[in-house]
Structure formats: C-alpha cells, structure tokens
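# Examining the three-dimensional arrangement
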Amino acid sequence: MLIARLAMAPLFLISAFYKVAQWPGIVTLLDNQGAPLPMLGGVIATAIEAILPLLLILGLRMRWAALGLIVYVLGTNLIAHRFWEFTGGAQLGQMLAFFKNIALCGGLLVLTMTGPGRFAMQPRP
C-alpha cells in the first residue's frame, strides 16, 4: 500500500508546484474555461493538490484524502477535459487526459477501500 500511495502522490504535487510557479496562469486558464470564481478555484485547486497528496504519502487521514482527490479529479474532468467539445488531435489529448483521470480515480478508490496499509502514520486497524 505504501508503494501505491507513493506512486499516486507525485502527479498532484508536481501540478501544485507548477500552479504556484506559474501563478496567475491557473486563474486565467480557469477563467477561459468558464469556471466560476477562477481566483478562488485556483487557490482551492492548488491547496488540494499540495495537501491531500501529502496525507496520502504519510498515510494520515488517507481515506478522506483519497476521497477528496477523487472528487477533485472528477471535477477537473468536467471543467478542463471535456474532450467531446474538441476535434482532431486536441480531442485525442483531452480524451487521454480524461480517461487517465478516471483510471487515477480507480486507484484512489482502491486506496479508499483498503486503507493505508501497515507503513502509515495512521495504519489500518
């Protein structure tokens, strides 16, 4: 379970780093995609991508962190990866990102059901 937790966390942490490093790019992107309250959305997205993966790594409140990431990733799909609105190569790229996120949700769901495992700050009883 430790390896599974460690495998999923970097994707989010790297994304959070680039959101901070390229701020306010995420705000502009959310605004262009029609998201409500893009500034607040950018702050929330960055916080989620920074905090919840750390909880996964530590195995602390891991089930809640995994559930939070599932909700976040599904929301991201609905806002940013609406592949059905694209054509050609752009559609393929968005479709791959959409279904990559679905697969990621599947892995997070497994973590939610099994718990953090033995090597965690809050191991499964």
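As shown above, the structure is provided for reference.
Here goes a summary of the coordinates provided. As the structure is a prediction and not an experimental result, all values here were calculated from the model.

## Describing the overall build of the protein
When helices and strands are tallied, the protein shows 5 helices and 0 strands. From first element to last, N terminus to C terminus, the protein shows the α and β order α-α-α-α-α. The globule rule puts the C-alpha radius of gyration for 125 residues at 14 Å, and the 15 Å found for the protein is close to it. Expressed along its principal axes, the backbone C-alpha trace of the protein runs to roughly 45 × 30 × 20 Å. Sorting the 125 residues of the protein into buried and exposed places 35% on the buried side. Within the protein, residue pairs in contact and separated by at least 24 positions form 66% of the contacts whose partners lie at least 6 positions apart.

## Quick look at the packing of aromatic side chains
Overall, the coordinates contain 6 aromatic pairs when judged by the stated rule. When the centroid spacing of 5.8 Å and the interplanar angle of 45° are considered together, the rings of Phe-83 and Phe-99 count as tilted. Taken together, the positions of Phe-83 in the loop between α4 (62-80) and α5 (88-114) and Phe-99 in helix α5 put the pair 16 residues apart, joining distant regions of the chain. Since its relative accessible area comes to 14%, Phe-83 is described here as buried. A network of ring pairs unites the aromatic residues Phe-83, Trp-84, Phe-98 and Phe-99 as a single cluster.

## What about the layout of surface pockets?
If a probe as big as a water molecule is rolled over the atoms, it shows which places are left empty. Approximately 700 Å³ is the volume attributed to the largest pocket. Residue lining of the largest pocket: 31 residues in total, with Lys-19, Ile-26, Glu-49, Tyr-72 and Thr-76 positioned closest to the centre. Of all elements in the fold, only α1 (2-21), α2 (25-32), α3 (38-58), α4 and α5 reach the threshold of two or more residues within the lining of the largest pocket. In terms of residue count, the dominant contributor to the lining of the largest pocket is α4 (6 residues).

## Thoughts on α4
Over its 19 residues, α4 runs 26 Å from end to end, which matches the ideal 27 Å to within 8%, given 1.5 Å per residue. Turning to α4, its buried residues number three or more, namely Met-62, Ala-65, Ala-66, Leu-69, Ile-70, Tyr-72, Val-73, Asn-77 and Ala-80.

## Some thoughts on the nonpolar core
Among the nonpolar cores identified, the biggest contains 16 residues, and Phe-12, Leu-56, Leu-69, Val-73, Leu-104, Leu-108 and Leu-111 are the most heavily contacted of them. Residue assignment for this core shows that the elements contributing at least two residues are α1, α3, α4 and α5. With 7 residues, the top contributor of residues to this core is α4. Sequence-distant contacts of Leu-56, that is, excluding residues within four places in its chain, are made with Arg-5, Met-62, Ala-65, Ala-66, Leu-69, Leu-108 and Leu-111.

## Overview of α1
An ideal rise of 1.5 Å per residue puts 28 Å on 20 residues; α1 measures up with 29 Å between its terminal C-alpha atoms. Where α1 bends most, at Ala-9, the angle is about 25°, and the proline Pro-10 comes one to four residues later. Of the residues making up α1, those classed as buried are Arg-5, Met-8, Ala-9, Phe-12, Ala-16 and Lys-19. Tucked into the core, α1 has its buried residues touching α2, α3, α4 and α5.

## Details of unusual backbone geometry
Of note, the bond from Trp-23 into Pro-24 is cis; its omega dihedral lies within 30 degrees of zero at 10°. Relative to the helices and strands, Pro-24 is located in the loop between α1 and α2. Phi at Leu-37 takes a positive value of approximately 50°, unusual for a residue other than glycine. Among the secondary structure elements, Leu-37 is positioned in the loop between α2 and α3. A residue is classified by how much of its surface remains accessible, and Leu-37, at 60% relative accessible area, is exposed. Positive phi values are uncommon outside glycine, yet Arg-61 reaches one of about 50°. Of note, Arg-61 is situated in the loop between α3 and α4. Judged by its relative accessible area of 52%, Arg-61 is exposed.

What counts and how
- Residues numbered from 1 in each chain as written.
- Predicted model: local features only at pLDDT ≥ 70, side-chain atom pairs only at ≥ 80, totals over all residues.
- Heavy atoms only, no water.
- Helix = DSSP H or I, 4+ residues; strand = E, 2+ residues; numbered from the N terminus.
- Rg over C-alpha atoms; globule rule 2.2 N^0.38 Å.
- Buried < 20%, exposed > 50% of the residue type's maximum accessible area, 1.4 Å probe, protein only.
- Contact = heavy atoms within 4.5 Å.
- Phe/Tyr/Trp six-rings, centres within 6.5 Å; stacked < 30°, edge-to-face > 60°.
- 1 Å grid on protein atoms, 1.4 Å probe; cavity = no way out; pocket = protein on both sides within 12 Å on 5 of 7 lines; lining within 4 Å.
- Points joined across faces, edges and corners; volume = space filled by probe spheres on them.
- Expected span 1.5 Å × (residues − 1).
- Core = buried A, V, L, I, M, F, W, Y, C linked by side-chain atoms within 4.5 Å.
- Bend = angle between axes of the 7 residues up to and from the residue.

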